[in-house]
Amino acid sequence: MSPPVNLSPSAYLKDHPSAGRGVFASGTIPAGTEILSVADPLICIPDEAHLDSCCHYCMAEATDEAPSVNQAYRAPVKLSYCLGCRVVKYCSKACQTTDWKQKAHKYECVIYKAQYPRILPVTARAILRMAKQFLSETPGSNIVGGIGALKAHAEDFAKIGGDIWEMANLTAKAAAEFSKVSKQISFEPEFLRDMYCKLLINSASVVTQTFDPIGLCLAYQSAMFNHSCDPNAVMMFDGRQLSIRSLKEITKDTEITISYIDNLASRKERKEELKSRYFFDCSCSLCSSGVQPLESLQCPKCNVLITTNTTTCTNCGEIVTEDELTPAIALSTSITTQRNKKNVDKSIASTLKSLKQLYGTRVLPSTFPPIPQLHRDLATSYIDEGNWKSAFLHLLTLYVKVYPNMYATPYHPVRVVGTFTLAMVLIQVAVDEPEGFGERIDFTKVLYGLLTVVCGNVEKSHGGNSSFAEMARRKMEEVKIDVGIDSNREADKWMGKGLKAIPGLEGEVAKLIKIVDEFLETLKSD
Ligand SMILES: C[S@@+](CC[C@H](N)C(=O)[O-])C[C@H]1O[C@@H](n2cnc3c(N)ncnc32)[C@H](O)[C@@H]1O
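Just so you know, these numbers come straight off a predicted model, no measurement behind them. (Residues numbered from 1 in each chain as written. Predicted model: local features only at pLDDT ≥ 70, side-chain atom pairs only at ≥ 80, totals over all residues.)

1. A short note on helix α6 (residues 162–179)
Thought 1: The terminal C-alpha atoms of α6 lie 26 Å apart, and with 18 residues this matches the ideal 26 Å at 1.5 Å per residue to within 8%.
Thought 2: Taken as a whole, α6 has its buried residues at Ala 168, Thr 171, Ala 172, Ala 175, Ala 176, Phe 178 and Ser 179. Projected down its long axis, α6 shows its buried positions confined to an angular sector of 160°, all on one face. Summarising the geometry of α6, the exposed residues directed more than 90 degrees from the buried face are Gly 162, Asp 163 and Glu 166.
Thought 3: Where α6 is buried, its residues contact α2 (105–115), α3 (122–136), α5 (154–160) and α7 (189–202). (Helix = DSSP H or I, 4+ residues; strand = E, 2+ residues; numbered from the N terminus. Expected span 1.5 Å × (residues − 1). Buried ≥ 20, exposed ≤ 12 C-beta atoms within 10 Å, placed from the backbone. Arc of directions from axis to C-beta. Contact = placed C-beta atoms within 7 Å.)

2. Here we look at the sheet that holds strand β9 (residues 213–218)
Thought 1: Strands sit in the order β5-β9-β8 across an open sheet of three strands; the sheet is antiparallel. The open sheet is flanked by β5 (43–46) and β8 (204–207), the only strands paired with a single partner. The sheet shows a mean angle of 35° between the axes of neighbouring strands, taken without regard to direction.
Thought 2: Judged from the four bridges that link them, β5 and β9 form a sheet pairing that is antiparallel. Paired with Cys 44 across the strands is Cys 217, a residue of β9.
Thought 3: Set on the sheet, α3 makes contact with β5 and β9; between it and β5 the angle comes to about 150°. (Pairing = 2+ DSSP bridges. Axes fitted to C-alpha atoms, helices over the stretch in contact; angles between N-to-C directions.)

3. Topic: the site of the ligand
Thought 1: As a structural note, the neighbourhood of the ligand is formed by 18 residues, with Ala 19, Gly 20, Arg 21, Asn 226 and Phe 280 the closest of them.
Thought 2: At the level of secondary structure, the elements contributing two or more residues to the shell around the ligand comprise β3 (21–25), α7 and β10 (226–227).
Thought 3: Residues belonging to the shell around the ligand are distributed by class as follows: nine nonpolar, seven polar and two charged.
Thought 4: No fewer than three residues from each of domain 1 (1–36 + 222–289) and domain 2 (42–218) sit in the shell around the ligand. (Near = placed C-beta within 6 Å. Nonpolar A, V, L, I, M, F, W, Y, C, P; charged D, E, K, R; others polar. Domains from an automatic or database assignment.)

4. A few points about the confidence of the model for the protein chain
Thought 1: Considering every residue of the protein chain, the mean pLDDT works out to 90; 94% of them sit at 70 or more.
Thought 2: Predicted complex metrics record ipTM = 1.00 and pTM = 0.91. (pLDDT = per-residue confidence, 0-100.)

5. Examining the environment of Gly 145
Thought 1: In this fold, Gly 145 is placed in helix α4 (residues 142–148).
Thought 2: For Gly 145, a count of 12 C-beta atoms within 10 Å puts it in the exposed group.
Thought 3: C-alpha separation for the pair Gly 145 and Lys 460, spaced 315 residues apart in sequence, amounts to 33 Å.

6. Focus: the domain arrangement of the protein chain
Accessible area lost upon the coming together of the parts is a frequently used measure of interface size.
Thought 1: Taken domain by domain, the protein chain consists of domain 1 (1–36 + 222–289) and domain 2 (42–218).
Thought 2: Using C-alpha coordinates to define each centre, domain 1 is positioned 24 Å away from domain 2.
Thought 3: The partner domain 2 presents 16 residues to the ten residues of domain 1 that form the contact.
Thought 4: When residues in the side of domain 1 that touches domain 2 are grouped by element, the largest group, three residues, is from strand β11 (residues 233–238).
Thought 5: Residues belonging to the side of domain 1 that touches domain 2 are distributed by class as follows: six nonpolar, two polar and two charged.

7. Examining the nonpolar core
Considering soluble globular proteins, one finds that nonpolar side chains tend to be buried as a cluster.
Thought 1: Grouped together as the largest cluster of nonpolar side chains are 70 residues, with contacts concentrated most on Ile 43, Ala 126, Ile 127, Met 130, Leu 192, Cys 217 and Leu 218.
Thought 2: The greatest single-element share of this core, amounting to seven residues, is contributed by α3.
Thought 3: Residue assignment places this core across two domains, with domain 1 (1–36 + 222–289) and domain 2 (42–218) each supplying three or more.
Thought 4: Not counting residues up to four positions away in its chain, the partners in contact with Leu 192 are Ile 127, Ala 131, Ala 172, Ala 175, Ala 176 and Phe 187. (Core = buried A, V, L, I, M, F, W, Y, C linked by C-beta atoms within 7 Å.)

8. Looking at the packing of helix α13 (residues 388–406) against helix α14 (residues 413–432)
When two helices pack together, you describe them by how their axes are tilted relative to each other and by the distance separating the axes.
Thought 1: Packing of α13 against α14 brings their axes to within 9 Å, and their N-to-C directions diverge by 150°. If you check the angle between α13 and α14, you find them roughly antiparallel. Between α13 and α14 lies a crossing of left-handed hand. Judged by residue contacts, Trp 388, Lys 389, Ala 391, Phe 392, Leu 395, Leu 396, Leu 398, Tyr 399 and Tyr 403 of α13 engage Arg 415, Gly 418, Thr 419, Thr 421, Leu 422, Val 425, Leu 426, Gln 428, Val 429 and Asp 432 from α14.
Thought 2: Split by residue class, the contact of α13 with α14 holds twelve nonpolar, four polar and three charged. (Parallel < 35°, antiparallel > 145°, perpendicular 65-115°, else oblique. Left-handed = near helix turned anticlockwise from the far one by under 90°.)

9. Looking at unusual backbone geometry
Thought 1: Cis peptide bonds are those with omega within 30 degrees of zero, and the linkage from Tyr 116 to Pro 117 qualifies with 10°.
Thought 2: Residue position: Pro 117 is located in the loop between α2 and α3.
Thought 3: Backbone torsion omega between Pro 369 and Pro 370 reads 5°, so that peptide bond is classified as cis.
Thought 4: Relative to the helices and strands, Pro 370 is located in the loop between α11 (348–360) and α12 (371–385).
Thought 5: One non-glycine residue, Met 59, lies in positive phi territory at about 70°.
Thought 6: Secondary-structure assignment places Met 59 in the loop between β5 and β6 (80–81).

10. Concerning the sheet that holds strand β12 (residues 241–246)
Thought 1: In space, the three strands of this open sheet follow the order β4-β12-β11, with antiparallel pairing throughout. Of all strands in the sheet, those bounded by a partner on one side alone are β4 (34–38) and β11. On average, each strand axis in the sheet is tilted by 20° relative to the strand beside it, whichever way the strands run.
Thought 2: In the sheet, β11 pairs with β12 via six bridges, with the strands oriented antiparallel. Across the sheet, residue Met 236 finds its bridge partner in β12, namely Ser 243.

As structure tokens, then:
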């Protein structure tokens, strides 16, 4: 048994009874606080799709490339190519110099140049970086110790074989070949394959503050956190700055967990993914519980949710029969399996068709997997198309029906970002095509209410100094002027209290719920 090691003032690392090592709370950690902050992760680089639009060191997005809805109000960012390879870009001389000297760009530049116009996949670029840093450091340094101690599960990958193992071998072999171009150091494929396995087990997607994936990160400090499907903490990024934040109060000596996977999936899917990607059988509190909030049914008569361990509605006594249930569950499984396949049709038309089929069963509510994912995918596609009304309806459904059941705390970062996106899309609806909703809701009041919810929760969700908090506060200031509220005290009184608590908004809330109910009825009956 190795002795506990301090990871941050709030957390320590020690051997876990069934999961290697784990991270535990040093004292009581209040909800919504930063547990760990890593300013300079070992690897933090843009993926192929974002090499052109993100700084290769600080991950700042070029202003004109930023997605339209969430990224307003950022200081302008202009990127320039590295003149050596013309593959990576930087927002400043300082970022370029740091990446060149402290990270491995000095080494990889010539490799990227030799491959140009072919761009190496992010995993190949990452393992070359890891390997270079591992071998350049003196034995006993934090980097060598940190990378050396990462779990690789190499034998497990070899045992399951298949596509992943083939890709590990191919990527390692190709990267070893590419590394020969460098006069500094070249690597053996087996060594790089081990780095590849460590990367698969321990890396995370770098996401923007609004959870758009832009790259790949590996920090040996955050790689120590084990998984739970009902985590008490979450990993966040602000540029290349990684943090782990608490989602609830965590008492002293309790394990701190994050989720490795998409929590909108069913228990079966979650378990399968964790087993095949991370080689463990999840026995977290949610997987061990008979009740799965996301797999509740819906009473076909009165629409009330029926929890997983019963098929009788507690509200009206209606019984969901096997004849209704079995085909509905089979449909949800088949749509999920279909959508997880490579190169599948994820167009708006096919996603909408799946959604209507699922709602058409009349026993599956908005929370039942994969319905939340379908709403999310449709909202994203409609935003990309500038179809604001449709995007608004799908985001509103998530806001009203899914988030409160999924994320118990109002300051869960996904819920706060979802609320902000809803507010931003509402602005577009009001500007572009107000007829339709315009007769039904007071845009400014609802917008003000949504932003009050965001600003009141952002301190806990993202941290008061985060770029997301700054963006939300600026938008709030604008809207306060539009609504005619110039006293900070008046606005601040309602911060974080929820729409219903704000006088004059109860009526608007009822209208929003009605809009969602009517929208779902149209999806069910189509
Ligand atoms: C990113 S590492 C986490 C740190 C790891 N426990 C260690 O000792 O380095 C991921 C690996 O930890 C283990 N692990 C993570 N969460 C687990 C859990 N809930 N139950 C069992 N093993 C888990 C699995 O072996 C998984 O592949």
